[in-house]
Amino acid sequence: YLYFRCRTLRTPGNILVANLALSDFIMLAKTPIFIFNSFNLGPALGKTGCVIYGFLGGLTGTTSIATLTAIALDRYWAVVRPLEPLTALTAVRARLLAVGAWTYAAVFSAVPAFDFGYGHYVPEGYLTSCSFDYLTEDLRPRYFIFAFFCAAWLVPFCTIFFCYTSILQVVVCKRNMPSKNQEQRLSSRHVKEQTKRKAEIKLAFLVIVVIALFFISWTPYAIVALLGIFGKKNLITPTASMIPALFCKTAACINPFIYIITHPKFRKELQKIIYRDKSKRMSGTLRTTGYYTDSSRMHRPSKDLSDTDVEILEMKDIPFRTGLNRNTSYNLETISSRVSEREGSQRSASLKSFEDSVVSPPSWYSKPQFSKKRSFQRRSSQKSGQ
């Protein structure tokens with residue numbers, strides 16, 4: 001939802017993140033079926049429902065691990081080989097990787113669904129969920145499950161391990177750079193590249209956490225499947241097979257929270273959605289405060305006075321008397337005259353015309369030529385003193 005709603009999040013790297021969120025969401029969408037089967041003490045939707053449940057589980061699980069592998073490769077190319085244009089991730093390449101992950105998973109998940117003789121989906125554990133028949137005695141389903149294990153667990157694990165090991169080596173080498181390259185590293189171009197690389201490395205560590213949680217969640221289930229195809233059925237009980245099947249779903253639950261909490265852009269956009277009304281009230285308060293702050297700071301001369309400033313001066317420049325004795329002559333002062341008394345103050349043309357209209361000179365006084373830095377009130381006060 002955040003990816004499609006916020007245009008700033010539609011980067012090539014976030015395409016893979018959105019693809020991972022989609023596969024995790026579909027995986028968790030099977031939860032009502034699992035609860036319904038639990039209340040009915042078995043597969044309540046029959047064989048067809050069991051096949052659909054197993055197919056969606058294999059499809060989404062394999063898509064998630066394939067997407068995580070693609071993210072690892074993207075981080076490897078961005079951090080270890082940033083200057084190679086052929087390995088740069090673009091929007092087209094990211095979409096192709098996402099489609100490739102779904103296609104890769106669909107090939108392995110469709111084989112048991114169509115029952116080509118290489119296995120099929122059967123209830124497992126307490127008969128409340130469905131998965132590959134890893135307890136079969138036939139050889140061809142065993143070969144398929146072992147090949148599926150290598151393609152969906154072993155190969156991605158080796159790829160991800162290589163990518164992030166290389167990334168960590170780059171990080172360690174970057175920290176241990178000699179001091180003689182200090183001036184080179186402080187150049188503007190190098191600073192920009194270093195800032196970009198720090199962001200890439202931070203995201204790489206984030207994905208490492210996600211990958212670790214994924215493999216911790218799926219490794220017990222993979223071990224149970226291997227025990228079944230290698231004839232160790234006596235070690236597999238309903239509880240021993242049901243707990244890993246439930247435990248592997250934790251990765252789908254934790255991944256979105258990790259990305260939202262640690263990813264600054266996702267976190268910022270989520271806060272905008274949650275606190276939309278509150279942010280509007282706060283922004284209105286800030287605008288009002290800024291208005292009165294500007295009016296309170298008008299005693300400081302400014303070179304460029306806006307129309308709003310002139311309006312504020314018109315409200316404030318009301319003439320007032322400074323003497324209490326009626327027989328004593330008094331000077332006519334305004335707020336604008338106090339502004340002009342400061343040295344180096346400059347007044348705009350609109351403010352000068354405003355002074356002429358508010359403070360009228362005596363009848364015997366001839367209007368002189370005004371300079372840029374001296375206002376009318378200052379000249380009139382000097383001549384009246386003479």
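Counting restarts for each chain, with residues numbered from 1 along the sequence as it is written. Predicted model: local features are reported for residues with pLDDT of at least 70 only, side-chain atom pairs are reported and counted for 80 or more only, and whole-chain, interface and lining totals are derived from all residues. Side-chain calculation: all heavy atoms of the structure are included, whereas hydrogens and water are not.

In the nomenclature of an unreviewed UniProt entry, the protein chain is known as Opsin Rh3 of Papilio xuthus. Of the protein chain, the UniProt comment under Subcellular location (unreviewed entry) reads exactly: "Membrane". UniProt positions are given in the numbering used here, feature names are shortened, and annotations may be inferred rather than shown by experiment. In its Sequence similarities (unreviewed entry) section, the UniProt entry covering the protein chain states "Belongs to the G-protein coupled receptor 1 family. Opsin subfamily."

(A) Structural view of the side chain of Arg 142. Residue position: Arg 142 is located in helix H6 (residues 139-175). Here a residue-residue contact requires only that any non-hydrogen atoms of the pair lie within 4.5 Å. Not counting residues within four places of it along the chain, the set of residues in contact with Arg 142 comprises Thr 136, Glu 137 and Ile 229. Think of it this way: any DSSP run of H or I at least four residues long counts as a helix, any run of E at least two long counts as a strand, and we number them from the N terminus.

(B) Representation of a nonpolar patch on the surface. Here a patch means residues that are over 30% exposed by relative accessible area and free of salt bridges, tied together within 9 Å if like-charged and within 5 Å if nonpolar (Val, Leu, Ile, Met, Phe, Trp, Tyr). Methods summary: accessible areas were calculated by the Shrake-Rupley approach with a probe of 1.4 Å, and residue burial reflects only the protein chains presented. What makes a salt bridge here is a side-chain nitrogen of Lys or Arg within 4 Å of a carboxyl oxygen of Asp or Glu, nothing more. Taken together, the side chains of Phe 114, Phe 116 and Tyr 118 make up a nonpolar region of the molecular surface, amounting to roughly 360 Å² of accessible area. By secondary structure assignment, the location of Phe 116 is in the loop between helix H5 (91-114) and strand S1 (121-124). When its relative accessible area of 52% is taken as the criterion, Phe 116 is described as exposed. Only protein chains enter the area calculation, which uses a 1.4 Å probe; residues under 20% of their type maximum are buried, those over 50% are exposed, and those in between are partly exposed.

(C) Focus on the pattern of salt bridges. Under the counting rule described, the total for this entry stands at four salt bridges. With its nearest N and O atoms 2.4 Å apart, the salt bridge here joins Asp 74 to Arg 75. Assessed through its relative accessible area of 6%, Arg 75 is described here as buried. Via salt bridges that share partners, Glu 137, Arg 142 and Lys 233 belong to a single interconnected network.

(D) Region of interest: the pairing of strand S2 (residues 129-132). Only strands that DSSP links by at least two bridges are regarded as paired with each other. Note: S1 against S2, four bridges, orientation antiparallel. When the bridges of S2 are listed, Pro 123 appears paired with Cys 130.

(E) Local environment of the packing of aromatic side chains. Between the rings of Phe, Tyr and Trp (Trp by its six-membered ring), a pair exists once the centres lie within 6.5 Å; its type follows the angle of the planes, with under 30 degrees stacked, over 60 edge-to-face, and the other angles tilted. All chains considered together, the criterion is met by 15 aromatic pairs. Taking 5.0 Å as the distance between ring centres and 50 degrees as the angle between the ring planes, the aromatic pair formed by Phe 132 and Phe 148 counts as tilted. Note that Phe 132 is positioned in strand S2 and Phe 148 in helix H6, a separation of 16 residues in sequence. The same class applies to Phe 132 as to Phe 148, namely buried. Measuring from ring centre to ring centre gives 5.5 Å for Trp 153 and Phe 157, while their planes differ by 10 degrees; the resulting arrangement is stacked. Residue Trp 153 and its partner Phe 157 are both found in helix H6; the two are separated by four residues, about one turn of the helix. Taken together, the aromatic side chains of Tyr 104, Phe 108, Tyr 121, Phe 132, Phe 144 and Phe 148 make up a single cluster linked through ring pairs. Only when the NZ of Lys or the CZ of Arg is both within 6 Å of the ring centre and within 35 degrees of the ring normal is a charge said to sit over the ring. In this structure, Lys 30 is placed above the aromatic ring of Tyr 53, and the distance from its NZ or CZ to the ring centre is 4.4 Å.

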